Amino acid sequence: MNLNGWWSAASQNAAQWRWLQWFNLRPEESERTFLMFAFYTATSIGILWLEVSAAALFLGEYGADSLPWIYIASAGIGTGLGFVYSLMQKFLPLRRVIVIIAVLMAMPLFIFRLGLNPAFLGGYTIFLMRLWLEAIYVLNELNTSITANQLFNIREIKRTYPLISSGILAADVLSGFSLPLLQSWIGLSNVILLASLMLLVGAGILFYLSEAYQQAFPDSLKRRLQETQHDFTARRLRGPLQRYVILIVAFFVMAQILSLLVDFQYLSQLEQNLSVSDIAAFLALFSGILGIFELITQWFISGRAIERLGVFAIAILPPALLTVLSFLSSIDLLRLFWGVIILKFLDELLRYTLLASIGPVLFQPIPDTVRSRIQSTVRGIAEPISSGLTGAGILITIWLCQRLFPNVDANLFQNLESRVFLFQIFIFAGVWLGAVLLLRSRYLGLLVLSAERGQLSLSDVDLRTFKRAVVEALDRPGTEADKHSCIELLAHIDPKNVGEVLSPLLPNMSPALQRQSLETMLNFPNPIYLDRVRALIQQSDLQPEVLAVALRYVWLTEPDPDMQELRPYLKSEVDPVVRGTAASLMLRRGNPRQKAEATDTLRRMLTHMRERERVMGCRALGEAIYLQALRLYIRPLLQDQSLRVRCALLEAIAATHLEEYYPSLLRGLHYKSTREAAMRALVRLENDAIPMLIELAEDVRKPELIRTYALTAIGQIGTIEALNALVAQLMTAWGATRRNILRILLKLPQEIGIDAVADILGRSGVENLINQELLFIGQVYAALLDLTPERVAGREADLLRRSLNDAQVDAFERLFLLMRFLYPSSAIQAASFNLQSDSHDSMARGLEILDNTLDIPSKRALLSILDRRSTLEKLESLAEIMPYTPMSPSQRLRHLLELRSFLSDWTLSCCFHLARQARWSVTSEQTLSCLRHPTGFVREAVLTYLKVASPRVLPELLPLLQNDPDRLVAAQVRQMMAELGLEPLNAAISGVEGQSNGAVRLPGHSGLEPI
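Positions within a chain are numbered from 1, following the residues in the order the chain's sequence is written. Only residues with pLDDT of at least 70 get local features here, since the model is predicted, and only at 80 or more are side-chain atom pairs given and counted; chain-wide, interface and lining totals rely on the full set of residues. To obtain the side-chain values, all non-hydrogen atoms of the structure were used and water was disregarded.

Draft legend 1. Expanded view of the overall build of the protein. A helix here means a DSSP run of H or I that spans at least four residues, while a strand means a run of E at least two residues long, and both kinds are numbered starting from the N terminus. Assigned secondary structure in the protein consists of 44 helices and zero strands. By definition, residues are in contact when any of their heavy atoms lie within 4.5 Å. Excluding contacts between residues fewer than 6 apart, the proportion of contacts in the protein whose partners are at least 24 apart in sequence is 74%. Computed by Shrake-Rupley with a 1.4 Å probe, the accessible areas treat only the displayed protein chains as cover when residues are assessed. For the protein, the accessible surface area stands at approximately 46,400 Å², while carbon and sulfur atoms represent 57% of it.

And the structure:
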């Protein structure tokens, strides 16, 4: 490609990326997202055309009074079709089921169009068509949600589903404004045929999706698995959780009842005031205008309103508006017809925008183990049953009205009946409002409880509600641990505004909570709360630790503090905690005289005989900015006999950024006693520590434990630069190092490690890492096939085969860790647990979990190698990733050594032991490279190989290795030199590098002769 072409392509990609960012999408998600949007929009247009046509024809044929029978019948249809949908998956693969269901939704419409002819079924067709509309709604929602859940993982769907779900809003606009034109051109009856064609268009898009993304759908049929969890029983819903679930059910049931009551009154008013043809036109226009408002609300208002007002302020809005409007309409302050129209408009607008957005949040406090089951129970069972009961209730109301007003004029009777239903709407809206208020109070306690148990996704927490929960939890009697957890959680969710909640509560807190609260407030000090902290300082019984933190808050937050007020705290009789804090504050903000006085105070503390004085002096150093003459005491204190002093000094070095002592922080990682303090100090340095930690982590001569701690410190730093560095290491590391990095990233709070990998590598990058592991596993299988016991016997061969099997297990562990970056950890861990079992049933369960979870291109190969199959069958399943070419055992061994960067130290040494025992030749490059290996027993294995393979070259190499840092290797070299009659060299050998670092640097040598 020439430069102009390249620049044009790059510009197009940049423009595309900007558009995707506007939609909060990533390039790899865009095609799937827009295809799902197109499918949902096309299907919804067909359904809405059918709905308007069926509603108009139904009102003309049966009237609104027959609608309750539809509601009653829909209750059975909703649960029945859900059962049928699940049953089909037992006989057909899921990707076939969704397409068949999409086609089946359209097929009856052709029959309904013929049945509209009076010569056929006539009016019965209209009733059946209206009933089938309810069935289509159930099937379409099932198809859409199931397909989206298969195509997108749990992290992708948070970004993509808002756009997909807006397809029905776009369909409202398109269908609403197109239907009047279609009705005038082809007639209302023929619109039903167009609706079926739109449903078939949606089925076609779904067919393309199921074929283009086959890996997203499980090939296995749905089977009943033995559940490891307990059944959903009342036993698991005792206490706060049980009461919360009851209120959740009440919330959604009331919403469903009101939806049907409003819909019934809406259609009743249309029947009374408009003709059949006018009804269809009005419904279409109403739907189009409503769709525009819904799109504007969903795209530009919903998110901002929820963020600013809070979840429950939004949840209160619909029942409050319904209560007011129904009351005004029932007493004629608002004309009945227009009152019902406005009621319907606001109900639809709020239900499909704001309520749809907050619905999932209400389920967040419920533990993950039962959340999905409660959700399906509420939305799949409680709502359909409430629909049937509402229909029955409407019929009973109509019957009672007829009995109570038998001789009333028809128009007056309809007016009285409407007011009765408006009164019911008023009552149920009030019940709904009460359920919301009670739900908020239960939400508070359960939210805190779930958060303490680690069962809460804090990204979905309603901030205003949670702050109220913390205030209530800290005010009422409770354990210290519970209140401690509340403050920690609040600091984690809203660190900048914790003072707003905590400062008024300070006087009534215990000393431990006072200290924790002040330290939390110090992260983002605000002068607004100075008076309350000053009032705390005036308390005579304040503990020294609390007083010290309060002094720091006041004198660091005050714009122009009076440093003279700190002088009384410098006296020797004052507790060292307070004295050290006062001295450090004077060093930071005092005048030269005050700084000198503070320096003298700290000098006496650092040289004091008592350990506590020295510890507090070192901590005070960390709070000061200008150490001045106190730097002289740092080096002696690093060798202090007290461990607490040394640890405190390490943190002071990091706090004051003394770069000349940074190596001491790294040395602190090498010793168990100072490791934690060194870790905290390095994390406090943040980005400044990253280069030296990376250097330490990349030094292969360092122990793996120390390198792991270095990587862990980088992860705990948590900045963008630190995460970028970790992900960069992930791309180049292998074996145990890669495994450790994956674990570190997965353990980072709020899934920031997972998000960093997604942002830097993307889904395709993680899939490439998975393919690397599969490629390595393929190489292991090829070696096991070429080095079978029938072809190569002996103890050394057995050891190599065992080490290769261990390498396979390690690769599987890395595979499962990588999969957790794409899929829910609970599903991947459950699959891993079951696959480790010796039970055939457990392994089948694990494979099925993966089959229903994975959607990567290499899914089939991955499932095959995890299954109970022969090594040859597993290798054949990896043919697309790694074609297998049989080799002789010696060739395969040399091929393995070419992959030495990916082999474990033990596998490498086993290769050389087998080569020595079988007397196979190994290349000079492989031998010399492994002779420089940082692990001692690998060098030892190479030497034993050379003793047999190249006896003439060995005398030249042994003198270079006599000072090997590994004692066993050095002893082996001395023994070989003695056997060969070689004299040891007294002087240091120039070819030996770093006696404390492990490996030996050897000169290039091409004279190694093969056996």
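Draft legend 2. Layout of the packing of helix 34 (residues 795-819) against helix 40 (residues 905-918). Taken N-terminus to C-terminus, the directions of helix 34 and helix 40 make an angle of 155°; their axes are 8 Å apart at the nearest point. Judged on the interaxial angle alone, helix 40 and helix 34 are roughly antiparallel. Of the two elements, helix 34 crosses helix 40, and the hand of that crossing is left-handed. Here Glu796, Ala797, Leu799, Leu800, Ser803 and Leu804 of helix 34 come into contact with helix 40, specifically with Trp906, Thr907, Cys910, Cys911, His913, Leu914, Arg916 and Gln917. When residue character is reported, Ala, Val, Leu, Ile, Met, Phe, Trp, Tyr, Cys and Pro are called nonpolar, Asp, Glu, Lys and Arg charged, and the others, Gly included, polar. Per-class residue counts for the contact of helix 34 with helix 40 are eight nonpolar, four polar and two charged. Here an axis means a line fitted to C-alpha atoms, over the contact stretch when the element is a helix, while the angle between two N-to-C directions is reported on a 0 to 180 degree scale. Any angle that falls under 35 degrees is termed roughly parallel, while one over 145 is termed roughly antiparallel, one within 65 to 115 roughly perpendicular, and all others oblique. Crossing handedness: left-handed means the near helix sits turned counterclockwise from the far one by under a right angle, and right-handed means the same turn made clockwise.

Draft legend 3. Spotlight on unusual backbone geometry. Non-glycine residue histidine 657 carries a positive phi angle of around 55°. Of note, histidine 657 is situated in the loop between helix 25 (643-656) and helix 26 (662-668). Three exposure classes are used, based on accessible area relative to the maximum for each residue type with a 1.4 Å probe and protein chains only: buried under 20%, partly exposed in between, and exposed over 50%. On the basis of relative accessible area, histidine 657 is assigned to the partly exposed category, the value being 39%. Phi at arginine 919 is positive, roughly 60°, even though this residue is not glycine. Mapped onto the secondary structure, arginine 919 falls in the loop between helix 40 and helix 41 (924-931).

Draft legend 4. Local environment of the pattern of salt bridges. We define a salt bridge as a contact between a side-chain nitrogen of Lys or Arg and a carboxyl oxygen of Asp or Glu at a distance within 4 Å. In total, this model carries 31 salt bridges according to the counting rule given. Where aspartate 851 meets arginine 860, a salt bridge forms, and the shortest distance between an N and an O atom there is 3.4 Å. You can call arginine 860 partly exposed: its relative accessible area is 35%. Salt bridges here are not isolated pairs; linked through shared partners, they connect Arg95, Arg96 and Glu211.

Draft legend 5. Structural detail: helix 11 (residues 311-330). Each helix should span, by expectation, one fewer than its residue count multiplied by 1.5 Å. Helix length check: helix 11, at 20 residues, gives a terminal C-alpha distance of 30 Å against a target of 28 Å (1.5 Å per residue), a fit within 8%. Fitting one axis to the seven residues ending at a residue and another to the seven starting there, the bend at that residue is the angle between the two axes. The largest bend in helix 11 amounts to roughly 25° and is located at leucine 317, with the proline proline 318 lying one to four residues further along. All of the buried residues along helix 11 are Val311, Phe312, Ile314, Ala315, Pro318, Pro319, Leu322, Thr323, Leu325, Ser326 and Ser329. Positioned one or two residues after helix 11, aspartate 332 has a phi angle of 70°, which is positive.

Draft legend 6. A look at the environment of alanine 677. Along the chain, alanine 677 falls in helix 27 (residues 672-685). Here alanine 677 falls in the buried class, since its relative accessible area comes to 2%. When the C-alpha atoms of alanine 677 and arginine 644 are compared, they prove to be 9.5 Å apart, with 33 residues separating the residues in sequence. The contacts of alanine 677, once residues within four sequence positions are left out, are Cys647, Leu650 and Glu651.

Draft legend 7. Representation of the side chain of serine 326 in the model. Mapping serine 326 onto the fold places it in helix 11. By the criterion applied in these results, polar contacts are pairs of N or O atoms within 3.5 Å in which, for protein atoms, one can donate a hydrogen and the other can accept it, and in which residues neighboring in sequence qualify only through two side-chain atoms. One polar contact links the side chain of serine 326 to the main-chain carbonyl oxygen of leucine 322, over a distance of 2.7 Å. In this structure the side chain of serine 326 is engaged in a polar contact, spanning 3.1 Å, whose partner is the backbone oxygen of threonine 323. Ignoring sequence-local partners within four residues, the contact set of serine 326 consists of Leu343, Leu422, Ile425 and Phe426.

Draft legend 8. The arrangement of the packing of aromatic side chains in detail. Two rings from Phe, Tyr or Trp (for Trp, the six-membered ring) form a pair when their centres are within 6.5 Å of each other. A pair whose planes differ by under 30 degrees is stacked, one over 60 is edge-to-face, and the rest are tilted. Per the stated rule, a full pass over the model turns up 14 aromatic pairs. Ring plane angle 20° and centroid distance 6.1 Å describe the contact between phenylalanine 282 and phenylalanine 286, whose orientation is recorded as stacked. One end of the pair is phenylalanine 282 and the other is phenylalanine 286, both in helix 10 (residues 276-309) and four residues apart, which spans about a single turn. An angle of 80° between the planes, with centres 5.4 Å apart, marks the rings of phenylalanine 293 and phenylalanine 345 as edge-to-face. One end of the pair, phenylalanine 293, is in helix 10; the other, phenylalanine 345, is in helix 12 (residues 336-362), and 52 residues separate them in sequence. Given the relative accessible area of 42%, phenylalanine 293 is considered partly exposed. We note arginine 534 situated over the ring of tryptophan 555; from NZ or CZ to the ring centre the distance is 5.8 Å. The criterion is that NZ of a Lys, or CZ of an Arg, lies within 6 Å of the ring centre and within 35 degrees of the ring normal, and then a charge sits over that ring. In this arrangement the basic side chain of arginine 814 is found over the ring face of tryptophan 734, its NZ or CZ atom lying 4.9 Å from the centre.

Draft legend 9. Representation of the packing of helix 29 (residues 704-717) against helix 31 (residues 735-747). Where helix 29 meets helix 31, the axes come as close as 10 Å, and the angle between the chain directions of the two elements is 30°. In terms of axis orientation, helix 29 runs roughly parallel to helix 31. The handedness of the crossing between helix 29 and helix 31 comes out as right-handed. Only Ala736, Thr737, Arg739, Asn740, Ile741 and Ile744 of helix 31 make contact with helix 29, whose side of the interface consists of Glu704, Arg707, Thr708, Leu711, Thr712 and Gly715. A breakdown of the residues in the contact of helix 29 with helix 31 according to their chemical character gives four nonpolar, five polar and three charged.

Draft legend 10. Just the environment of serine 418, in detail. For serine 418, the position within the fold is in helix 14 (residues 410-452). C-alpha of serine 418 to C-alpha of tyrosine 266: the two residues are 152 residues apart in sequence and 9.9 Å apart in space. Dropping the residues within four chain positions of it, serine 418 is found in contact with Gln265, Gln269, Gln272 and Leu336. Among the polar contacts made by the side chain of serine 418, one reaches the side chain of glutamine 269 at a distance of 3.1 Å.

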